[in-house]
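A structural walkthrough
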Amino acid sequence: MILHWLAETPALLVATAVVFVPGILGLYTIGLRGLALLAAAPVFGVAATAVLALVFGAVGVPWSPLSWTIGVLVLVGASWGVGRFLGAESHRTKAECPAWFLPAAIGGGILIGMSRLIAYIVDPAGISQTNDAVFHMNAVRFIVETADASSLHVSEVVGGSGFYPAAWHALVSLIVGFTGTSIPIAANMLTVVIGALIWPLGIAWLSQTITSSRAVAAYAAVLSSALQTFPLLMFQWGVLFPNALSTALVPAAVAWVILLAQWPSSDRVRGFIRATLVVAVVVAALALSQPAALLVWVAICVVWATSQLLSVVSREGLALRIGLVVVLWATLGTVWFVLAKGTSGSHWPPFRGKLEAFVDVLLNGQVLIPFAWTISVLALLGVVVVVRDTSSRWLVGIWAGVSALYVLVASVGHPLVRDVLLAPWYADPYRLAALAPIAVVPLAAIGADASTRWITGRIRPRIADVRIAPIGVAAAVVLMLILVLVRPVAMPAFLDGTYDRESRYVLTSDTFLDSDERELLESLPTRVDPGSRVIGNPSTGTGFGYMLSGVDVYPRTWSQPTSAAWVVLSERLRDAGGDPEVCDALATLGDARYVLDFGLGEVGPGRYELPGMTDFEGQDGFEIVAAEGDASLWRITACGP
């Protein structure tokens, strides 16, 4: 397995460059250095890519690696000009450990994160056997073929219109364009970048910004992948590629806002311009990745800003500060309401008692994941430490807030709660569980740092400060290695109370798409006439056909079309030889001439049994074209040549 991943190193390097290089070039000029530069770079890179896709789609410039590169160079040039105008500023942190120590800890966190993701995905060309993967993969194929990655146009892949956040899809299409690799490989390389680079860098920077401590940042980097709820869960459930990208960006986006307040500036105009530009970049990155993350970012920033405004002892300007707090919370309420109304509401019922859900968040066992005892104890120690520190006490408020949201989604069924308060996340406990590590990991890092100092102080009272952190982080690395090697990462199905023990990326005879079906789909360009439409039951994996072959395989998403013609075909296509309504329905759906038979289908969320799209052998009006195992392709001859 590892040799297969090593062979894809060029694609991984390109994925890393696409995400990081624009931001590194663009943000260096405004004064970001070191960890801050690396952690903020993906925010800039994602924003630049998604905005360029919108602009190119609006003016008719084809989307390609070349046009993206030219656009990025223009944005970097503009950033350089802004940096010259604003002047470079820098931010210092406590140097309580050697200079080499934080980079080494971050490197360790990255390697641990990579190992967890690679061990789960298994094959670098693997495809997530989940419903949403069908749409996401086909959307990338659509971008590659149409040279249009605009978030206003990508939904056309399934015949839709309007806005759909397409930053993730645009990035994958660039990896494909630069390397010529397959879409599944490009998607998996971006998954590694999201979970093992963007996330640990961002959570380490957030931890450092909160505490001004490199040691805490080092602990956070090492512990960044300790919780299954993020990043791993987002690549197990759904699969939620856009949510994973946007959530991974949140820590750096929050840290960037906090850093604005810490940057010295004698010129209010320049300070305002800097803040406006940072907010614009963050909003673009999050809104065009997955807007629910924008709400999370706003909420965290509002809580932080409120704590800063109300912690001032002086009564001078108190009315103004209270007024600002009211405005901030009104803004949060407005964003929350708009996003709630812009979604399709609640999709999932409650499944836990209130006390059970409360214990879940204390011990980080959301959605029936086994309790994370060690990290939870460290996080609770961190809560104790932070409560005593007025400058960072707001972090406990964030932890309490995301915990409360999970308790609500897990245990409260009131329509107002599920259809309004939780609607931005579709009342999906998996999406809300994934928010917990944003607060838990920094708290655990703070707890680990405090406990290490206390223990070493008892054992060796005179030990130098610069030696304490390396000792503690080395212990954290050992803990993480044990966790990676021993702790299971089965995917919990909370409604059924069961677990998927096998990775959803592994092809077997029991999965959505088995190896025979994938081989047949990849061979479609040589099996069907150019320009032909092929139909099939998407519940059996045929929905991946467009992505894997470029052939017009319909439908291109996991859900069934709602048209009357599709109902006829789903129930009676196999009777086409004696049922004229079937031919009329085929003509309505683009005069399809081929059908894929991958079996009856199955019953489950987003899955369907379609009796009309299987068992064509011996039926009048059908001719076998190709077969791989139990999967077969048929030409429909009942409706003309």
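In case you missed it, the structure is sitting above this.
Here's what I pulled together on the structure shown here. (Residues numbered from 1 in each chain as written. Predicted model: local features only at pLDDT ≥ 70, side-chain atom pairs only at ≥ 80, totals over all residues. Heavy atoms only, no water.)

**Some remarks on the overall build of the protein chain**
- For the protein chain, the count of helices and strands is 26 helices and 9 strands.
- At 26 Å, the protein chain has a C-alpha radius of gyration in line with the 26 Å of a compact globule built from 641 residues.
- Summarising its shape, the C-alpha atoms of the protein chain cover approximately 85 × 50 × 50 Å along the three principal directions.
- For the protein chain, buried positions account for 57% of its 641 residues.
- Contacts in the protein chain between residues far apart in sequence, at least 24 positions, make up 74% of those at least 6 positions apart.
- Of the accessible surface of the protein chain, which amounts to about 25400 Å², a share of 64% is contributed by carbon and sulfur atoms.
- In the protein chain, the 36 positive side-chain charges and the 43 negative ones have mean positions that sit 22 Å from each other. (Helix = DSSP H or I, 4+ residues; strand = E, 2+ residues; numbered from the N terminus. Rg over C-alpha atoms; globule rule 2.2 N^0.38 Å. Buried < 20%, exposed > 50% of the residue type's maximum accessible area, 1.4 Å probe, protein only. Contact = heavy atoms within 4.5 Å. Areas by Shrake-Rupley, 256 points an atom, 1.4 Å probe, with all protein chains shown as cover. Lys, Arg positive; Asp, Glu negative; His and termini not counted. Charge placed at Lys NZ, Arg CZ, Asp CG, Glu CD.)

**A closer look at the sheet that holds strand β5 (residues 594–597)**
- Read from one edge of the open sheet, 5 strands run β4-β3-β5-β9-β8, paired in mixed fashion. Only two strands of the sheet have a single partner each, and these edge strands are β4 (552–554) and β8 (622–628). Between one strand axis and the next, the sheet turns by 25° as a mean value, whatever way the strands run.
- One ladder, built from 3 bridges, connects strand β3 (residues 533–536) with β5; its direction is parallel. Among the inter-strand pairings, V534 is bridged to a residue of β5, identified as Y594. (Pairing = 2+ DSSP bridges. Axes fitted to C-alpha atoms, helices over the stretch in contact; angles between N-to-C directions.)

**A few points about the packing of helix α9 (residues 214–223) against helix α20 (residues 436–459)**
- Put simply, α9 and α20 touch, their axes get as near as 8 Å, and they point 120° apart. If you check the angle between α9 and α20, you find them oblique. Pair α9 / α20 crosses with right-handed handedness. Contact residues: A215, V216, Y219, A220 and L223 in α9; V441, A444, A445, I446, A448, D449, T452 and R453 in α20.
- Its residues placed into classes, the contact of α9 with α20 shows 10 nonpolar, 1 polar and 2 charged. (Parallel < 35°, antiparallel > 145°, perpendicular 65-115°, else oblique. Left-handed = near helix turned anticlockwise from the far one by under 90°. Nonpolar A, V, L, I, M, F, W, Y, C, P; charged D, E, K, R; others polar.)

**Details of helix α6 (residues 131–146)**
- The end-to-end C-alpha distance of α6, which contains 16 residues, comes to 24 Å, matching closely the 22 Å that a straight helix rising 1.5 Å per residue would cover.
- All of the buried residues along α6 are N131, A133, V134, F135, H136, M137, N138, A139, V140, R141, F142 and I143.
- On its buried side, α6 packs onto α7 (167–179), α8 (183–211), α11 (241–262), α24 (545–549) and β7 (607–609).
- Backbone geometry just after α6 places A147 at a positive phi near 55°. (Expected span 1.5 Å × (residues − 1).)

**Remarks on unusual backbone geometry**
- Put simply, F230 and P231 share a cis peptide bond, and its omega is 5°.
- With respect to the element layout, P231 can be found in the loop between α9 and α10 (232–236).
- Of the consecutive residues G238 and V239, the connecting peptide bond is found in the cis state with omega at 5°.
- Positionally, V239 belongs in the loop between α10 and α11.
- Positive phi outside glycine occurs at V122, with the angle close to 70°.
- Here V122 shows up in the loop between α5 (101–121) and α6.
- Classification of V122 by relative accessible area gives partly exposed; the value is 31%.
- Positive phi, normally seen in glycine, also occurs at A147, with a value near 55°.
- Here A147 lies in the loop between α6 and α7.

**Topic: the pattern of salt bridges**
- For the structure on display, the rule yields 14 salt bridges.
- Connected via shared salt-bridge partners are R352, E356 and D360. (Salt bridge = Lys/Arg side-chain N within 4 Å of Asp/Glu carboxyl O.)

**A closer look at the packing of aromatic side chains**
- According to the stated counting rule, one finds 19 aromatic pairs in the structure shown.
- Centroid distance W336 to W425: 5.7 Å. Interplanar angle 80°. Geometry classified as edge-to-face. Here the residue W336 occupies a position in helix α14 (residues 318–341), and W425 occupies one in the loop between α18 (415–421) and α19 (429–433), the gap between them amounting to 89 residues. For the pair formed by W336 and W425, the shared burial category is buried. (Phe/Tyr/Trp six-rings, centres within 6.5 Å; stacked < 30°, edge-to-face > 60°.)

**Details of a nonpolar patch on the surface**
- Together, V51, V55, V59 and V61 make up an exposed nonpolar region whose accessible area comes to about 290 Å².
- With respect to the element layout, V51 can be found in helix α3 (residues 34–59). (Patch = residues over 30% accessible without salt bridge, like charges linked within 9 Å, V, L, I, M, F, W, Y side chains within 5 Å.)

**Topic: the side chain of S213**
- Positionally, S213 belongs in the loop between α8 and α9.
- Taking the relative accessible area as the measure of exposure, S213 reaches 5% and is therefore buried.
- Here V216 takes part through its backbone nitrogen, which lies 3.2 Å from a polar atom of the side chain of S213. (Polar contact = N/O pair within 3.5 Å; in protein donor to acceptor, adjacent residues only side chain to side chain.)

**A closer look at α9**
- Counting buried residues in α9 gives 9 out of 10 residues, a clear majority hidden from the surface.
- Considered for burial, the residues of α9 that qualify are A215, V216, A217, A218, Y219, A220, A221, V222 and L223.
- Near the N-terminus of α9, the side chain that reaches the backbone nitrogen of A215, with its oxygen 3.3 Å away, is that of S213.

**Remarks on the packing of helix α16 (residues 373–387) against α20**
- Their axes nearest at 6 Å, the elements α16 and α20 cross at an angle of 80°. Classified by the interaxial angle, the pair formed by α16 and α20 is roughly perpendicular. Listed contacts from α20 to I375, L378, A379, L381, G382, V383, V385 and V386 of α16 are V440, L443, A444, I446, G447, A448, A450 and S451.
- Here the contact of α16 with α20 is composed, by residue class, of 13 nonpolar, 3 polar and no charged.

**Observations concerning the nonpolar core**
- Counting residues in each nonpolar core, the largest one holds 211 residues, and the members touching the most others are L32, W63, W205, W256, W297 and F544.
- Looking at this core element by element, the count peaks at 19 residues for α8.
- Filtering out sequence-adjacent residues up to four positions away, W297 remains in contact with A253, V254, V257, V279, V282, V283 and L286.
- In terms of nonpolar packing, the next biggest core, distinct from the first, is built from 22 residues, I535, A565, V595 and W634 among them. (Core = buried A, V, L, I, M, F, W, Y, C linked by side-chain atoms within 4.5 Å.)

**With respect to the pairing of strand β9 (residues 631–636)**
- Most of β9 sits out of view: 5 of its 6 residues are buried.
- The pairing of β8 with β9 spans 6 bridges and is antiparallel. The residue of β9 that forms the bridge with F622 is I636.

**Some remarks on the environment of V377**
- Along the chain, V377 turns up in helix α16.
- Spatially, the C-alpha atoms of V377 and A220 are 15 Å apart, while their sequence positions differ by 157 residues.

**Thoughts on the environment of P611**
- Mapped onto the fold, P611 is located in the loop between β7 and β8.
- Of the residues examined, P611 reaches a relative accessible area of 44% and is grouped as partly exposed.
- Separated by 67 residues in the primary sequence, P611 and F544 place their C-alpha atoms 20 Å from one another.
- Apart from residues no more than four positions distant in its own chain, P611 is found in contact with S570, R574 and L600.

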